[in-house]
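Overview (structure and organization)
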Amino acid sequence: MRYAKRGPLRFTSHRDFARAFERALRRAGAPIAFSQGFTPHPKISYASAAPTGVASEAEYLEIGLRETVDPGELRAALDAALSPGLDVLDAVVATGGSLADRIQASHWRVELPGVDPAVLRQAVAAFTAAPEVPVERMTKQGRRTFDARGAVHHIDVIEPTPAPSEVVAVPCAILDLVVRQVTPSVRPDDVLSGLRVVADLEPPVPPRATRLAQGTLTAQGGIADPLEADRDGVSIGER
């Protein structure tokens, strides 16, 4: 399944979404399968969930069911059971293979209110020219230093047409970014930290990031929807 986190619901943590999704499964009457053992859990697997505070149009999960259901009907029932802003967009029957293995990169749009596009272009040029850009971030293993430049497949500045969400009467630069899935993961805020390192770029207000897509990198530099491998030629649900 593909789902979205939109508007204020982007502040929903992954744990809170997981709880809400399990409740939605119960309300929808989905015949969810459970793990074995003393503490059975619903068979739900999430692939590369976006950080809290980040909007997304391309989050993915897998669920195990006890019996066959119509994917379109299940998608609609789950979407109706979730709050507006947590939206189930698509569902297909898995035909084999790991969903996580099909996610090689993510496509992001990052809005930077108060930043002039020309200033961002200069920072992007310095970032692109650097052989590596070390940044620091606190992880579960403690503070780590890693290269933000090597994971970036594409970075550019785009014109805000139409006007970006919730941004009026101020200049707003927009960063278009494709980042490869690496370990440790490189997130949009890490790239912004890299822009600060190479060009002293400091947005005056918090940027707003939206994940537009994630999946397999194509030869043309695009990102293929990971659900395409399971389709039988018929689109199910919203596209």
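Residues numbered from 1 in each chain as written. Predicted model: local features only at pLDDT ≥ 70, side-chain atom pairs only at ≥ 80, totals over all residues. Heavy atoms only, no water.

**What about the side chain of arginine 149?**
As a reminder, the rule being used: By definition, any uninterrupted DSSP run of H or I lasting at least four residues is a helix, any uninterrupted run of E lasting at least two residues is a strand, and each is numbered from the N terminus. Relative accessibility under 20% of the residue-type maximum defines a buried residue, over 50% an exposed one, and the middle range a partly exposed one, all with a 1.4 Å probe and only protein chains included. By the counting scheme adopted, Arg and Lys are positive, Glu and Asp are negative, and His together with the chain ends is not counted. One side-chain nitrogen of Lys or Arg within 4 Å of one carboxyl oxygen of Asp or Glu is enough to make a salt bridge. Under this definition, polar contacts are N or O atom pairs within 3.5 Å; protein pairs additionally need one hydrogen-donor-capable and one acceptor-capable atom, and for neighbouring residues in sequence, both atoms have to be side-chain atoms.
Topologically, arginine 149 is positioned in the loop between β7 (142–147) and β8 (152–158). It turns out arginine 149 is buried and unbridged, and the closest side chain with the opposite charge, aspartate 147, is 7.1 Å from it. Looking at arginine 149, its side chain comes within polar contact range of the main-chain oxygen of threonine 128, at 3.5 Å.

**A word on the nonpolar core**
Applicable threshold: Residue types Ala, Val, Leu, Ile, Met, Phe, Trp, Tyr and Cys, when buried and joined through side-chain atoms within 4.5 Å, form a set referred to as a nonpolar core. Contacts are assigned to residue pairs with any non-hydrogen atoms lying within 4.5 Å of each other.
Within the largest apolar cluster, 29 residues are counted, with the highest numbers of intra-cluster contacts made by Leu112, Leu120, Phe127, Ile155, Leu175 and Leu195. Only β5 (105–113), α3 (117–129), β8, β9 (172–180) and α4 (188–199) provide two or more residues apiece to this core. In this view, leucine 175 contacts Trp108, Arg109, Val110, Leu112, Leu120, Val124, Ile155, Asp156, Leu192 and Leu195; residues no more than four positions away in its chain are not counted. Membership of the second largest hydrophobic core comes to 18 residues, among which are Leu25, Ile44, Leu86 and Val88.

**What to know about the layout of surface pockets**
The test is simple: Method remark: on a 1 Å grid restricted to protein atoms, a set of points is classed as a cavity if a 1.4 Å probe fits but cannot get out and as a pocket if it is open with protein on both sides within 12 Å along at least five of seven lines; lining residues have an atom within 4 Å of a point. Grid points are joined across faces, edges and corners, and a volume is the space filled by probe spheres set on the points. Classes in brief: Ala, Val, Leu, Ile, Met, Phe, Trp, Tyr, Cys and Pro nonpolar; Asp, Glu, Lys and Arg charged; the others, Gly included, polar.
Counted as a void, the largest pocket has a volume near 540 Å³. Along the wall of the largest pocket there are 20 residues; nearest its centre are Ala49, Pro51, Arg137, Ser185 and Arg187. Taken together, the elements giving at least two residues each to the lining of the largest pocket come down to β5, β6 (134–139) and β9. Per element, the largest residue contribution to the lining of the largest pocket is three residues, and it comes from β6. Across the lining of the largest pocket, the residue classes break down as nine nonpolar, six polar and five charged. The computed volume of the second largest pocket comes to approximately 380 Å³.

**Considering empty space enclosed by the protein**
Scanning the entire structure with this criterion turns up one cavity of 30 Å³ or more. The calculated volume of the largest cavity comes to roughly 40 Å³. Listed by contribution, the elements that provide at least two residues to the lining of the largest cavity are β1 (2–5) and α1 (14–27). Classifying every residue of the lining of the largest cavity gives four nonpolar, two polar and two charged.

**What about α1?**
How we decide: Each residue after the first adds 1.5 Å to the expected span of a helix. Relevant arc is that of directions from the helix axis to the C-beta atoms, nothing else.
Helix length check: α1 (14 residues) gives 20 Å between terminal C-alpha atoms against 20 Å at 1.5 Å per residue, within 8%. Burial in α1 covers these residues: Phe17, Ala18, Ala20, Phe21, Ala24 and Leu25. The buried side chains of α1 occupy one side of the element, clustering within an arc of 165° when seen end-on. Projecting away from the buried face of α1 at angles above 90 degrees are the exposed residues Arg15, Arg26 and Arg27.

**Quick word on the packing of α3 against α4**
Heads up, the rule is: Note on method: axes are straight lines fitted to C-alpha atoms, helices fitted across the in-contact stretch only, with angles between N-to-C directions ranging 0 to 180 degrees. Angular relationships are summarised with four words: roughly parallel below 35 degrees, roughly antiparallel beyond 145, roughly perpendicular across 65 to 115, and oblique for the angles in between.
The geometry of α3 relative to α4 is characterised by a closest axis approach of 9 Å and an angle of 90° between their N-to-C directions. The pairing of α3 with α4 is recorded here as roughly perpendicular in orientation. For the pair α3 and α4, the contacting residues are Leu120, Ala123, Val124, Ala126 and Phe127 in the first and Val191, Gly194, Leu195, Val198 and Ala199 in the second. Partitioned by chemical class, the residues of the contact of α3 with α4 number nine nonpolar, one polar and no charged.

Scope: geometric values only; no functional claims are made or implied.
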